Amino acid sequence: MIDTPRLHVFGCGRAGRAIARRLVDAGRVEPGLIVNRSLESAQRAADFIGGGEPAEALDDRVAGGWLMVGLPDGVLLDAPGTIARACPQPPQLVFHLSGSVEARVLERIGAPFAAVHPVRAFADPQSAAARFEGTWCVAEGEPGALERLRPAFETAGGRWLAFSARDKAAWHAATVAASNFLVTIHGLARDLAERAGLPGDQARELLCDLQQGTLEGLREASPRAALTGPIERGDAAACRRLAAAASGLDAERARLFSELGRATLALAREKRGARTGDRSLAALFSATSG
Ligand SMILES: NC(=O)c1ccc[n+]([C@@H]2O[C@H](COP(=O)([O-])OP(=O)(O)OC[C@H]3O[C@@H](n4cnc5c(N)ncnc54)[C@H](OP(=O)(O)O)[C@@H]3O)[C@@H](O)[C@H]2O)c1
């Protein structure tokens, strides 16, 4: 028989709500205490999860259940002391959701501990929970916690990846570059498309399709091999037009475009070797850098 512990949540925001909802829907846990900064917010989280008890603080009801800490990373670092004081009897296990903080910050709580980083942007818990299937869950911590969490996350639709916490900062930087920077670049592309007169809805669809195709290519090839376009071809006339278009952007976006242009030129040189025209291409992208 599968044990269904109560899942208590300390910090039930975007990530916490989506994960709690998936674990509850999968039948792996029962909803337990929910503690946010305000009771109103905890109630909204309980409504979203489909159960749970909004509470002003953790208390000894946490004993014997699982405790998920979904606090923002800055607050998470100070949370273990608060949890240890509020819960003299430790939970059965405790885990947090951060990609940048090591699991062992939870050690002083006195329960088997883990960090399970769901590698997905949880901007909206509703759609994040709906699209959770197949989400990588990168986990590190104590075996006693990991061996109980793994089947629960897998039943909830996650793809488990055990990870040694050798360099979590580098790991987190990788996910920020892949996800957050992609959003920044997409925003830049949308601004340019709208300046060109493409209506917003069409720009969104078209540019998302384009980025999705590029990402699909990157599943099969290295960044060098996947790179195409005027910079990779060394097409000076097309690059002059690119630089001119970017110079019409505000200073910050123009600088971003130029820096990305130079970084792309460096990747192109790695791919096809240096060419005589590369210096003038690099100069074009320096000229628009504000
Ligand atoms: N969002 C993502 O895309 C994502 C993806 C993967 C992992 N994560 C990780 O998930 C964790 C949470 O991130 P998030 O984006 O879900 O944050 P969030 O949406 O800001 O939610 C944080 C929650 O913590 C509560 N909280 C903050 N300070 C508190 C305190 N002192 N006492 C009690 N509750 C407090 C907030 O309560 P109120 O609602 O009352 O303000 C809020 O519900 C982080 O470790 C993050 O790295 C996030």
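Parameters and conventions
Residues numbered from 1 in each chain as written. Predicted model: local features only at pLDDT ≥ 70, side-chain atom pairs only at ≥ 80, totals over all residues. Domains from an automatic or database assignment. Contact = placed C-beta atoms within 7 Å. Helix = DSSP H or I, 4+ residues; strand = E, 2+ residues; numbered from the N terminus. Nonpolar A, V, L, I, M, F, W, Y, C, P; charged D, E, K, R; others polar. Buried ≥ 20, exposed ≤ 12 C-beta atoms within 10 Å, placed from the backbone. Pairing = 2+ DSSP bridges. Core = buried A, V, L, I, M, F, W, Y, C linked by C-beta atoms within 7 Å. Axes fitted to C-alpha atoms, helices over the stretch in contact; angles between N-to-C directions. Near = placed C-beta within 6 Å. Left-handed = near helix turned anticlockwise from the far one by under 90°. Parallel < 35°, antiparallel > 145°, perpendicular 65-115°, else oblique. Arc of directions from axis to C-beta.

Draft legend 1. Representation of the domain arrangement of the chain. Under the domain assignment, the chain is made up of domain 1 (6-163), domain 2 (166-220) and domain 3 (221-290). Computed from C-alpha atoms alone, the centre-to-centre distance between domain 2 and domain 3 is 17 Å. Of the residues lining the interface, 8 residues belong to domain 2; the matching set on domain 3 comes to 9 residues. Looking at the side of domain 2 that touches domain 3, the elements that each hand over two or more residues are α7 (168-195) and α8 (200-220). Split by residue class, the side of domain 2 that touches domain 3 holds 3 nonpolar, 2 polar and 3 charged.

Draft legend 2. Region of the structure containing the pairing of strand β6 (residues 113-118). Extensive coverage of β6 is indicated by the burial of 6 of its 6 residues. Here β6 shows two buried faces, one formed by Phe 113, Ala 115 and His 117 and the other by Ala 114, Val 116 and Pro 118. Of the strand pairs in this sheet, strand β5 (residues 93-96) and β6 are connected by 3 bridges, and their pairing is parallel. Looking across to β6, one finds that His 96 is bridged to Ala 115. Examined bridge by bridge, β6 and strand β7 (residues 136-141) share 5 bridges and lie antiparallel to one another.

Draft legend 3. How the structure looks around the nonpolar core. If you look at the biggest cluster of nonpolar residues, it comprises 53 residues, and the most contacted ones within it are Phe 95 and Ala 114. With 6 residues, the single largest contributor to this core is helix α1 (residues 14-25). Apart from residues no more than four positions distant in its own chain, Ala 114 is found in contact with Phe 95, Ala 103, Ala 139, Glu 140, Gly 141, Glu 142, Ala 145, Leu 146 and Leu 149. In terms of nonpolar packing, the next biggest core, distinct from the first, is built from 12 residues, Leu 242, Ala 246, Leu 265 and Leu 284 among them.

Draft legend 4. The arrangement of the sheet that holds strand β8 (residues 159-162) in detail. If you trace the 8 strands from one edge of the open sheet to the other, you get β3-β2-β1-β4-β5-β6-β7-β8, paired in mixed fashion. Of all strands in the sheet, those bounded by a partner on one side alone are β3 (53-55) and β8. Going across the sheet, the axis of each strand differs from the next one's by a mean of 25°, ignoring polarity. Relative to strand β4 (residues 66-69), strand β1 (residues 6-10) is paired through 4 bridges, and the arrangement is parallel. Paired with Phe 10 across the two strands is Val 69, which belongs to β4. Contacts from α1 reach β1, β2 (30-35), β4 and β6, with the element oriented near 175° to β1.

Draft legend 5. Structural detail: the site of the ligand. If you check the shell around the ligand, you find 25 residues, and the closest are Gly 11, Gly 13, Arg 37, Ser 41 and Ser 98. At the level of secondary structure, the elements contributing two or more residues to the shell around the ligand comprise α1, α3 (73-76) and β6. For the shell around the ligand, the residue count by class is 11 nonpolar, 11 polar and 3 charged.

Draft legend 6. Structural detail: the packing of α1 against helix α2 (residues 39-49). In contact at an axis separation of 9 Å, α1 and α2 are set at 35° when each is read in the N-to-C sense. The handedness of the crossing between α1 and α2 comes out as right-handed. In contact with Arg 17, Ala 20, Arg 21 and Val 24 of α1, α2 contributes Ala 45, Phe 48 and Ile 49. Considering only residue class, the contact of α1 with α2 consists of 5 nonpolar, no polar and 2 charged.

Draft legend 7. Representation of the packing of α7 against α8. Packing of α7 against α8 leaves a shortest axis separation of 10 Å and a crossing angle of 135°. Classed by the angle they form, the pair α7 and α8 counts as oblique. When the axes of α7 and α8 are compared, the crossing they make is right-handed. Across from His 186, Ala 189, Arg 190, Ala 193 and Glu 194 in α7, the residues of α8 making contact are Gly 200, Ala 203, Arg 204, Leu 207 and Gln 211. Of the residues that constitute the contact of α7 with α8, the class distribution is 4 nonpolar, 3 polar and 3 charged.

Draft legend 8. Spotlight on the environment of Val 94. Within the secondary structure layout, Val 94 lies in strand β5. Note: C-alpha distance between Val 94 and Met 68 (26 residues apart in sequence) is 5.9 Å. Residue contacts for Val 94: discarding those within four places in its chain leaves Leu 67, Val 69, Leu 106, Ile 109, Ala 111 and Phe 113.

Draft legend 9. Fine view of helix α11 (residues 236-246). For α11, every residue scored as buried is listed here: Cys 239, Leu 242, Ala 243 and Ala 246. Along the long axis of α11, the arc covered by the buried residues comes to 95°, so they all point the same way. Facing away from the buried surface of α11 by more than 90 degrees, the exposed residues are Ala 237, Arg 241 and Ala 244.

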